[in-house]
Amino acid sequence: MPGFIELDPSSKVPPYEQIRSAVANAAANGDIPVGFRLPTVRALAGELEVAVNTVARAYRELEQAGVVETRGRSGTFVAAGGDAQREEAVSAARDYADVISRLGLERGEALDIVRAALER
């Protein structure tokens, strides 16, 4: 099993979302390179002990976001498009930093606001 995917059964976050975010984050951080072949849906479902449809949904959402690409029977691979997501996130962070600066908020308060927004 890929070490970057760990499910927390006690989490309120659905398993498909935990899988989706783990793969997206690993791709964005460069923990898995462009072209990395992900396990098949069935193999990953078996390793994580979740339903096949759970992994299929995560992969489908990752593909729609451009993080992965499915190459027919060859499998599912990390796509170069994942870099676009990171660029969008960096751009949004810069815009947020500009707003915080304009409002004169403290750095700690700004980070608290982001943490709260991410937890909802």
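Below or above, wherever it landed, is the structure these notes cover. (Residues numbered from 1 in each chain as written. Predicted model: local features only at pLDDT ≥ 70, side-chain atom pairs only at ≥ 80, totals over all residues. Heavy atoms only, no water.)

**Here we look at the environment of Arg57**
Along the chain, the position of Arg57 falls in helix α3 (residues 52-64). Sequence separation of Arg57 and Val41 is 16 residues, and the distance between their C-alpha atoms is 9.5 Å. (Helix = DSSP H or I, 4+ residues; strand = E, 2+ residues; numbered from the N terminus.)

**Here's the deal with the sheet that holds strand β1 (residues 37-38)**
Strand order in the open sheet made by the three strands is β1-β3-β2, with antiparallel pairing throughout. Since the sheet does not close on itself, it has two edges, and those belong to β1 and β2 (68-70), each with one partner. Of the pairings in the sheet, the one linking β1 to strand β3 (residues 76-78) comprises two bridges and is antiparallel in character. Note that in β3 the partner of Leu38 across the bridge is Thr76. (Pairing = 2+ DSSP bridges.)

**Comments concerning the packing of aromatic side chains**
In this description, a pair of aromatic rings is defined by centroid distance and the angle of the planes. Across all of its chains, the model carries one aromatic pair by this definition. Their ring planes at 70° and their centres at 6.2 Å tell us that Phe4 and Phe36 sit as a pair that is edge-to-face. Here Phe36 lies in the loop between α1 (15-29) and β1 and Phe4 lies in the segment before α1, a separation of 32 residues in the sequence. Taking relative accessible area as the criterion, Phe4 reaches 22% and is therefore assigned partly exposed. Looking at Phe36, the relative accessible area reads 28%, which means it is partly exposed. Sitting over the ring of Tyr16, Arg57 keeps its end group 3.7 Å from the ring centre. The ring of Phe77 has Arg71 lying over it, and the distance from NZ or CZ to the ring centre is 4.0 Å. (Phe/Tyr/Trp six-rings, centres within 6.5 Å; stacked < 30°, edge-to-face > 60°. Buried < 20%, exposed > 50% of the residue type's maximum accessible area, 1.4 Å probe, protein only. Lys NZ or Arg CZ within 6 Å of the ring centre and 35° of its normal.)

**Some words on the packing of α1 against α3**
Any two packed helices are characterised by the angle at which their axes cross and by the distance between the axes. It is the contact of α1 with α3, at a shortest axis distance of 8 Å, that shows an interaxial angle of 45°. Viewed along their axes, α1 and α3 adopt a mutual orientation that is oblique. Considering only the axes of α1 and α3, their crossing is right-handed. Note on element contacts: α3 touches α1 through Thr54, Val55, Arg57, Ala58, Glu61 and Leu62, opposite Pro15, Tyr16, Glu17, Ile19, Arg20, Val23 and Ala24. A breakdown of the residues in the contact of α1 with α3 according to their chemical character gives eight nonpolar, one polar and four charged. (Axes fitted to C-alpha atoms, helices over the stretch in contact; angles between N-to-C directions. Parallel < 35°, antiparallel > 145°, perpendicular 65-115°, else oblique. Left-handed = near helix turned anticlockwise from the far one by under 90°. Contact = heavy atoms within 4.5 Å. Nonpolar A, V, L, I, M, F, W, Y, C, P; charged D, E, K, R; others polar.)

**Concerning the pattern of salt bridges**
Applying the stated rule across the entire model yields four salt bridges. Arg57 serves as the salt-bridge partner of Glu61, at 3.1 Å between the closest nitrogen and oxygen. With a gap of four residues between them, Glu61 and Arg57 both fall in helix α3, about one helical turn apart. Judged by relative accessible area, Arg57 falls into the partly exposed class, the value being 35%. (Salt bridge = Lys/Arg side-chain N within 4 Å of Asp/Glu carboxyl O.)

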